Amino acid sequence: MGELSSVFSAVPTHKPVKKQIQFVEDKQEFSRFPTKAGRRSLSRSISQSSTDSYSSAASCTDSSDDETSPRDKTQTNSKSSTDFCVKNIKQAEFGRREIEIAQQDMSALISLRKRAQSEKPLAGAKIVGCTHITAQTAVLIETLVALGAQCRWTACNIYSTQNEVAAALSELGVAVFAWKGESEDDFWWCIDRCVNTEGWQPNMVSLPLLFDKIDANVHSLRVLSKAGKLCVPAMNVNDSVTKQKFDNLYCCRESILDGLKRTTDVMFGGKQVVVCGYGEVGKGCSAALKALGAIVYITEIDPICALQACMDGFRVVKLNEVIRLVDVIITCTGNKNVVTRDQLDRMKNGSIVCNMGHSNTEIDVASLRTPELTWERVRSQVDHVIWPDGKRVILLAEGRLLNLSCSTVPTFVLSITATTQALALIELYNAPEGRYKQDVYLLPKKMDEYVASLHLATFDAHLTELSDEQAKYLGLNKNGPFKPNYYRYVCTF
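Reading the values: the criteria
- Every chain is numbered on its own, with residues counted from 1 as its sequence reads.
- Given that this is a predicted model, residues contribute local features only at a pLDDT of at least 70 and side-chain atom pairs are listed and counted only at 80 or more, while totals for whole chains, interfaces and linings are drawn from all residues.
- With hydrogens and water set aside, each side-chain value is computed from the structure's full complement of heavy atoms.
- Each helix is a run of H or I in the DSSP string that is no shorter than four residues. Each strand is a run of E no shorter than two, and both are numbered from the N terminus.
- Expected span, for any helix, means 1.5 Å times one less than how many residues it has.
- One fitted axis covers the seven residues ending at a residue, a second covers the seven starting there, and the bend at that residue is the angle between these axes.
- Each polar contact in these results corresponds to two N or O atoms within 3.5 Å; when the atoms are within protein, one needs to be able to donate a hydrogen and the other to accept it, and residues that are neighboring in sequence are counted only if both atoms are side-chain atoms.
- Side-chain atoms within 4.5 Å link the members of a nonpolar core, which is a set of buried Ala, Val, Leu, Ile, Met, Phe, Trp, Tyr and Cys residues.
- Relative accessibility under 20% of the residue-type maximum defines a buried residue, over 50% an exposed one, and the middle range a partly exposed one, all with a 1.4 Å probe and only protein chains included.
- Whether two residues touch is decided by their heavy atoms; if any such pair falls within 4.5 Å, the residues are in contact.
- UniProt positions are given in the numbering used here, feature names are shortened, and annotations may be inferred rather than shown by experiment.

Novice: Before we move on, could you go through unusual backbone geometry and cite the residues and values that matter?
Specialist: Backbone geometry places N337, a non-glycine residue, at a positive phi of 50°. Along the polypeptide, N337 turns up in the loop between β10 (328–331) and α12 (341–346). In the Ramachandran plot, A397 falls in the positive-phi region, its phi being about 55° despite a non-glycine side chain. Positionally, A397 belongs in the loop between β14 (392–396) and α13 (402–406).

Novice: Break down helix α8 (residues 241–264) for me, with residues and values.
Specialist: Under the 1.5 Å per step criterion, the end-to-end length of α8 is 33 Å for 24 residues, consistent within 8% with the ideal 34 Å. Taking the largest bend as the criterion, α8 deviates by roughly 40°, centred on C252. Directly after α8, the chain includes D265, whose backbone phi takes a positive value near 55°.

Novice: I'd like a description of the side chain of E427, backed by residues and values.
Specialist: Of note, E427 is situated in helix α14 (residues 411–430). There is a polar contact of 2.6 Å between the side chain of E427 and the side chain of R435.

Novice: A description of the nonpolar core should follow, citing residues and the corresponding values.
Specialist: In terms of nonpolar packing, the biggest core is built from 55 residues, with I127, I133, L144 and V176 touching the most fellow members. Only α2 (92–103), α3 (107–116), α4 (135–146), β3 (150–155), α5 (163–172), α14 and α15 (445–454) provide two or more residues apiece to this core. With residues up to four places along the chain from it excluded, the contact list for I133 reads W153, T154, A155, S160, T161, Q162, V165, A166, L169, V176 and A178. The next biggest cluster of nonpolar side chains, apart from the first, holds 31 residues, and it includes Y278, C305, V328 and A397.

Novice: Any chance you could break down the UniProt feature "binding site: NAD(+)" (unreviewed entry) in the protein for me, citing the residues and the numbers?
Specialist: Cross-referencing UniProt, the feature "binding site: NAD(+)" (unreviewed entry) maps to G279, E280, V281, G282, K283, G284, E300 and N403 in the present numbering. Inspection of the secondary structure assignment puts E300 in the loop between β8 (295–299) and α10 (303–311). For E300, a relative accessible area of 24% corresponds to the partly exposed category. Ignoring sequence-local partners within four residues, the contact set of E300 consists of G277, Y278, G279, C305 and A306. A distance of 2.7 Å separates a polar side-chain atom of E300 from the backbone nitrogen of Y278.

As structure tokens, then:
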């Protein structure tokens, strides 16, 4: 997800089998001098176009697609395969261009692919994935395929799929079951079709990755592990330094503004904004909003994060203290019911509510689906919830991840996370039998350092080397960043 702990799971079985995993336009013309009504129409058309881009926010082809559910279509790719379900397989060529653009800013991952594809370190791996399906994710999926894996994929968010990218992956031969705007029933149908197919048994699982920025999924796995119910080893990429410090912080710092601007055209100067949660996601969102002149308040349960917010110049408050004053509320906690119906009732007219945290649990959206409230869809992913007295609250993406549902995310930052994930999969799949038990494992910090070092060349950055005396004084290995046994797979920049 936001935008999703990042976890890879695998479990070895009996040799000599390598590794196994078990898991229970309308075209419109305007007169030269439009009337007042015409000017409004023109303005609305231009405003709408700000949300219709060649991105995860909306495919330019979406509006021209018919309303037939992909489940009711029979589509075939150029290889005569029908083992997929996407919006329109004919969008594959456009999706391929999107993926190629993303590749240009994911140099370390592409380098890994080129270096390792001859050795096929994932040969025999059968990976089923449930993640956001975007151009950046596609680069990771295609890297796994190039390294020998067979992949089947579905979406973890009903709004974040890029239809053209899903089509491009399906054309390549990846069995993808996903499209933008799925219903809840579609969502579970796609997962079932992805996982349950005759003659294909997964032996690795990839859960929400790249964008889900809160550790709720990792927490769930730890609960299972503690109860002795986790039946596979799990690699926790979410808590890696590269994920927390780069994906969560820098990705959100840029994408929060993109999502809000595309959907609402709001001006932030002087606006009063509450950011719920001051973890890495909250830090990124708060910094971006403050830079544009917004007055930012923070809510926090953790005294250390609260103190950080204070020392960064933000006022830490309880949400109820400012609920009647604020213009925007952004949730970044990973918890549930952070914004309740009672608080939504007390917000002022025109307030904006959105989520940058986990799934769609942070805002109590279900409580707004009652007879006395009217929902009005004004743009893609933008709903006005109207109270009986005429008050409107603007709800974005129905409380799901704002940046992936309504905008784009920075490709380079995601390259860092994707490279970490690919190396984690290689490690997990090729590890000697017995190295990993049925538990949740953290990546070594040295792997984070190694992945970070691979991306420094993009900035023409040069690391300072320790002298022998300095290394000895600090008790460090002078040889530099960690070089694991899969170092041979990565080109030196």
